[in-house]
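Take a look at the letters that make up each chain.
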Amino acid sequence: MGLRHFVLSAALSLVGAAGLSVEADAADRVLKVSLQTELQILDPIITTINATRVFAYLVFDELVAIDSEGHYKPQMLYGWDVSPDRLTYTFHLRDGLKFSDGAPVTSEDCIASIERWAKREGFGAQLMDAADHFQALDPKTFVLKLKRPFAFVIEALGKPGHQIPVMMPARLARLDANTAVPEIVGSGPFIFLKDEWQPGAKAVFARNPNYVPRSEPPDGLAGGKVVNFDRVELLSIPDQSTRAAALQKGEVDLLEIVPYDYIDLLRKDPKVTIGKQPAIAQNMIAINVNHAQPPFDNPLVRRALQVAVEQTDVMAGLGLPADMYRACYSIYMCGNDGSSDAGTEYSRDVGPKAAQKLLKEAGYKGEPVVFLHAGTSAVLNPVGSVLAEQLKQAGFNVDLRTSDYATVAARRLKKSPVADGGWSVSPLVMTGIDLVNPLAQQMVSLNCMENNPGWYCDPAMNDLLKAYSQASDPAESKKYRDAIQAVFHNNVNYVLAGQFAAPPAYRSDLKGMIPFSFPVFWNVRRE
């Protein structure tokens with residue numbers, strides 16, 4: 001080979017190697033994630049789907065955020081002042097806050113966002129019932145005037161559950177709260193790349209160059225949200241064995257919930273880490289019951305459903321180690337200071353056989369029970385199969401409708417009769433952090449609200465929630481919390497089906513993962 005050919009060949013080899021290096025580096029800057037449900041709905045206050053909450057924390061931010069120990073900290077706010085009579089709250093925004101389109105975040109934006117959220121969320125509705133008015137004093141300062149004491153103003157603005165009070169431009173927040181916003185202009189650390197969105201299959205996010213993180217270390221949802229990846233991709237992988245294999249091969253970096261049948265296998269893989277969950281992050285299976293349509297418009301039929309569920313069998317269906325699940329009949333989760341036994345007397349005799357007598361006494365005539373079964377969910381697929389069988393054994397005429405979770409979520413919004421595309425029951429996964437405060441959890445706080453799938457309504461509940469919001473000491477708070485739970489069980493708002501841990505699994509080269517009830521993508525980096 002001549003010298004010129006040798007030099008040219010070497011040069012081409014270097015160019016090729018450099019190209020491969022650039023491609024590898026680019027791949028390292030992308031975080032690929034598989035959630036347990038598909039992203040279908042983008043507006044954070046329209047739905048309670050967990051994928052939408054993950055989406056919300058990617059592209060939006062809140063005024064207040066909760067840390068890993070349940071304390072509420074300023075997030076978009078620099079801080080706040082409270083008057084001695086606790087009827088006036090003055091809020092101060094941080095410097096340099098911008099939306100993803102580059103426009104500054106102002107007091108008017110925040111007021112409009114809070115008011116929009118409160119029209120669709122129970123905690124927000126409770127706050128607004130106590131409020132007299134909001135007032136913008138200047139672009140970075142606004143005031144909330146209360147007409148009566150409300151003990152949970154800060155907790156409401158930092159609500160970490162579903163339908164969270166995210167900040168968006170006033171021009172969007174002032175649109176109809178019952179219709180999803182037509183564009184996504186966020187206040188958070190990432191930008192949603194809508195042109196690359198494949199609903200139910202893939203969603204892509206890029207680092208938001210306009211986002212200004214706080215200076216404190218990250219802690220739960222609070223602190224500095226420093227982004228170390230250029231892109232985050234949410235990928236739908238319905239088959240659980242495929243998900244586990246993709247994680248082992250490095251085709252995805254993180255599984256929101258580890259497939260339970262693969263825990264032992266993945267624990268043996270040094271390239272995979274099974275995450276740890278703080279106590280507040282455990283989960284509850286709850287059956288969403290449609291009170292608006294037969295047969296569950298009949299409270300006696302709802303009570304038969306309540307008794308039909310044997311929690312231990314439902315939890316065993318997950319295939320978890322025995323120390324990772326338990327029976328629990330408290331709407332505030334079990335194993336914590338807020339747990340309650342109020343209204344749980346029925347739990348002493350449960351199971352399909354116990355329910356048969358109640359179903360007969362209720363006058364059930366074999367009406368179809370349309371059971372929405374999310375076959376693509378690592379959690380809802382196995383528990384749904386067990387629950388459906390328990391209902392059949394109890395005597396219900398179960399019409400099992402198996403689909404992906406996005407289809408389940410869309411159908412849950414329909415209030416129409418089952419013959420016209422409606423539904424009867426739908427198991428859901430709820431995280432403990434969403435349940436500890438009755439004013440914030442969807443199983444009681446959405447009482448008698450039209451935008452509440454299931455449409456439970458008990459007038460006694462509203463009075464109890466209002467009294468709880470004004471409770472002046474721990475003993476009084478506990479009294480109302482117990483009464484709220486008792487009314488919940490008596491009306492059978494939902495049916496509880498067991499408490500369990502649902503840890504994530506991720507590639508071991510990811511460092512800085514923040515343990516929480518759901519995945520967040522700041523602070524994490526690849527090493």
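These remarks concern the structure in this document. From a predicted model like this one, the values you see are computed outputs, not experimental measurements.

Reading guide: rules and limits
Residues numbered from 1 in each chain as written. Predicted model: local features only at pLDDT ≥ 70, side-chain atom pairs only at ≥ 80, totals over all residues. Heavy atoms only, no water. Pairing = 2+ DSSP bridges. Helix = DSSP H or I, 4+ residues; strand = E, 2+ residues; numbered from the N terminus. Contact = heavy atoms within 4.5 Å. Axes fitted to C-alpha atoms, helices over the stretch in contact; angles between N-to-C directions. Disulfide = S-S within 2.5 Å. Buried < 20%, exposed > 50% of the residue type's maximum accessible area, 1.4 Å probe, protein only. Expected span 1.5 Å × (residues − 1). Polar contact = N/O pair within 3.5 Å; in protein donor to acceptor, adjacent residues only side chain to side chain. Lys, Arg positive; Asp, Glu negative; His and termini not counted. Salt bridge = Lys/Arg side-chain N within 4 Å of Asp/Glu carboxyl O.

1. Things to note about the sheet that holds strand E19 (residues 505-507)
Move 1: Here seven strands make up an open sheet; going across it, the order is E8-E9-E10-E1-E11-E19-E12 and the pairing mixed. Edge strands, defined here as strands with exactly one partner in the open sheet, are strand E8 (190-192) and strand E12 (272-274).
Move 2: Of the strands in this sheet, E8, strand E9 (202-207) and strand E10 (231-235) touch helix H2 (residues 50-59), which is tilted by about 125 degrees from E8.
Move 3: Against the sheet, helix H7 (residues 240-249) engages strand E1 (30-34), strand E11 (254-255), E12 and E19, with an angle of about 30 degrees to E19.

2. Remarks on the state of the cysteines
Move 1: Applying the stated rule across the entire model yields two disulfides.
Move 2: Linked covalently through their sulfurs, Cys-328 and Cys-334 form a disulfide whose S-S length is 2.1 Å. Between Cys-328 and Cys-334 the disulfide shows an S-S torsion of about 90 degrees. By sign, it is right-handed.
Move 3: You can call Cys-328 buried: its relative accessible area is 1%.
Move 4: Assessed through its relative accessible area of 16%, Cys-334 is described here as buried.

3. A short note on H2
Move 1: Across the ten residues that make up H2, a large majority, ten, are buried.
Move 2: Looking at H2, one finds that the buried residues are Asn-50, Ala-51, Thr-52, Arg-53, Val-54, Phe-55, Ala-56, Tyr-57, Leu-58 and Val-59.
Move 3: Elements in contact with the buried residues of H2: E8, E9, E10 and strand E17 (425-431).

4. Quick notes on the sheet that holds strand E5 (residues 88-93)
Move 1: Taken in spatial order, the four strands line up as E4-E5-E7-E6 in an open sheet, and their pairing is antiparallel. Every other strand in the sheet has two partners, leaving strand E4 (77-82) and strand E6 (131-138) as the edge strands with one partner each. Here the strands of the sheet are splayed against their neighbours by 20 degrees on average, with no regard to which way each runs.
Move 2: Summarising the sheet, E5 and strand E7 (residues 141-146) pair through five bridges and their orientation is antiparallel. Residue Thr-88 lies in a different strand from E7, and its bridge partner there is Lys-145.
Move 3: This element, helix H3 (residues 107-118), spans E5, E6 and E7 of the sheet and lies at about 160 degrees to E6.

5. A short note on helix H15 (residues 474-491)
Move 1: Taking 1.5 Å per residue as the helical rise, H15 with its 18 residues ought to reach 26 Å, and the 26 Å between its terminal C-alpha atoms agrees with that figure.
Move 2: Within H15, the full set of buried residues consists of Ser-477, Tyr-480, Arg-481, Asp-482, Ile-484, Gln-485, Val-487, Phe-488, His-489 and Asn-491.
Move 3: Structurally, the start of H15 carries an N-cap: the backbone nitrogen of Ala-475 is 3.0 Å from a side-chain oxygen of Asp-473.

6. Section: the side chain of Asp-109
Move 1: Note that Asp-109 resides in helix H3.
Move 2: Buried charge without a partner: Asp-109 forms no salt bridge, and the closest opposite charge is Arg-174, 6.7 Å away.
Move 3: Engagement of the side chain of Asp-109 in a polar contact is seen with the backbone nitrogen of Thr-106, the distance being 2.9 Å.
Move 4: Those residues in contact with Asp-109 that sit more than four places away from it in its chain are Phe-99, Pro-104, Met-168, Pro-169 and Ala-170.

Purely geometric stuff here, so don't read any function into it on its own.
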